[in-house]
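Analysis of the macromolecular model
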Amino acid sequence: MRVTVAAVQAAPVYLNLAASLAKAETLIAEAAAQGAQLVVFPETWLPGYPAWLDCCRDVNLWDSAPVKQVYRRLVENSVVVPGPVTEKLAAAARAHGVVLNMSVHERVLAGAGRGTLYNSMLTFGPDGTLLHHHRKLMPTYTERLIWGQGDGRSLYAVDTPVGRVGGLVCWEHWMPQARHALHTSGEDIHVAAWPQVKEMNLVASRHYAFEGRCFVIACGAIMHARDLPAELEPAGELLGNPDAVVLNGGSVIIGPDGAILAGPVYDVETILTAEIDLARIPEEQMALDVTGHYARPDVFGPTGPR
């Protein structure tokens, strides 16, 4: 089966959920017009990856009024699942007949976790059904200032008209057990959501494709210094340089042998597309199937030697 997939490499309207959602709807329509059957967005694209954690001054100071204000704005512009924003994303997927993978800041309105944000990945079917909801297992380093931990209940791929689709967020790609759980669930297409696809992120994405014998869509965003929160002071060369690039994209589409099929593209907003042939997967599985003929459960399983 041949499938056209798209990685949307763009900047949201940072910390503005309504405007970012409107832009997402336009980009989904543009990707569908280019023939895309699966449309993928970068990490926490709604309403934007919090790069200020790493490139603004004093974000880790206790009881900082500016940081509290930024966090409040982030909470107010985060996504309730399910809720009005997911309904609009579902409507966009349905209107254009695409499988849609969108990554968001998620908030909880009531009950346990009401004061916690999560880094979440949502997958919608072409009929608008929310097929999958994954919360990033481990926020990385400075991210722990704003996100809570997810759990393992969502570590599986789902059936869609374009094949079995799974995904991980950012440094989850360096969690061997998480990778293996998704490999075991039988992915055809894997979504690798990143803030930007830097060199090691590209290495991890290509390794994932080779190890899992699946296609990988690694998607990164665009951000400039002018997009950083006004409450915070940029550090280093970003100060006084609003056009400086903070996130440079790097989106790429990778085959099940680890070969690059499209991209990487840097520094510009674009919709990166490729036609992939799922029949390539069994060709590559002949040499490597880490959950089958190249697995050794007698050695590594619960009944193996200690």
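Anything mentioned here points back to the structure above.
What this report covers is the structure whose coordinates are included nearby.

Cut-offs used in this document
Residues numbered from 1 in each chain as written. Predicted model: local features only at pLDDT ≥ 70, side-chain atom pairs only at ≥ 80, totals over all residues. Heavy atoms only, no water. Helix = DSSP H or I, 4+ residues; strand = E, 2+ residues; numbered from the N terminus. Rg over C-alpha atoms; globule rule 2.2 N^0.38 Å. Contact = heavy atoms within 4.5 Å. Areas by Shrake-Rupley, 256 points an atom, 1.4 Å probe, with all protein chains shown as cover. Lys, Arg positive; Asp, Glu negative; His and termini not counted. Charge placed at Lys NZ, Arg CZ, Asp CG, Glu CD. Disulfide = S-S within 2.5 Å. Axes fitted to C-alpha atoms, helices over the stretch in contact; angles between N-to-C directions. Parallel < 35°, antiparallel > 145°, perpendicular 65-115°, else oblique. Left-handed = near helix turned anticlockwise from the far one by under 90°. Nonpolar A, V, L, I, M, F, W, Y, C, P; charged D, E, K, R; others polar. Phe/Tyr/Trp six-rings, centres within 6.5 Å; stacked < 30°, edge-to-face > 60°. Buried < 20%, exposed > 50% of the residue type's maximum accessible area, 1.4 Å probe, protein only. Lys NZ or Arg CZ within 6 Å of the ring centre and 35° of its normal.

Along its length, the chain carries 8 helices and 14 strands. Here the chain has a C-alpha radius of gyration of 19 Å; the compact-globule value for 306 residues is 19 Å, and the two agree. The C-alpha extent of the chain, read off along each of the three principal axes, is 55 × 50 × 40 Å. Excluding contacts between residues fewer than 6 apart, the proportion of contacts in the chain whose partners are at least 24 apart in sequence is 68%. Carbon together with sulfur atoms contributes 54% to the accessible area of the chain, which is approximately 13,400 Å² in total. Here the chain contributes 23 positive and 32 negative side-chain charges, whose respective centroids are spaced 5 Å apart.

Turning next to the state of the cysteines. For the coordinates displayed, the defined rule picks out 0 disulfides. In this model C56 remains outside any disulfide bridge; the closest cysteine sulfur is found in C55, 4.7 Å from its own. The thiol of C214 is unpaired, and the distance to the nearest cysteine sulfur, on C219, comes to 16 Å.

Let's shift gears to the packing of helix α1 (residues 17-33) against helix α4 (residues 84-96). Axis separation between α1 and α4 bottoms out at 10 Å; the angle between their running directions is 15°. One way to sum up the angle between α1 and α4 is to call them roughly parallel. In the packing of α1 onto α4, the handedness of the crossing is right-handed. In this structure, α1 contributes L17, L21, E25, I28, A29 and A32 to the contact, and α4 contributes V85, K88, L89, A92 and H96. Considering only residue class, the contact of α1 with α4 consists of 8 nonpolar, 1 polar and 2 charged.

Turning our eyes to something else, we now look at the packing of aromatic side chains. What characterises a pair of aromatic rings is the spacing of the ring centres plus the angle enclosed by the ring planes. As enumerated under the stated definition, the model contains 4 aromatic pairs in all. Measuring from ring centre to ring centre gives 5.3 Å for W171 and W174, while their planes differ by 80°; the resulting arrangement is edge-to-face. Overall, the relative accessible area of 47% leaves W171 in the partly exposed class. Since its relative accessible area comes to 34%, W174 is described here as partly exposed. The positively charged end of R135 is found above the aromatic ring belonging to Y118, 3.8 Å away from the centroid.

Once that is clear, we can look at unusual backbone geometry. Excluding glycine, residues mostly have negative phi values, and the peptide bonds linking residues are mostly trans. Here the amide bond leading from V81 into P82 is cis, since omega sits at -5°, within 30 degrees of zero. In this fold, P82 is placed in the loop between β3 (79-80) and α4. A cis amide bond links G263 with the next residue in sequence, P264, at an omega value of -5°. Counting through the fold element by element, P264 comes out in strand β13 (residues 260-266). Notably, R213 is not glycine yet its phi reads approximately 50°, a positive angle. As for its position among the elements, R213 is in the loop between α6 (199-212) and β10 (215-219). The class for R213 is buried, based on a relative accessible area of 5%.

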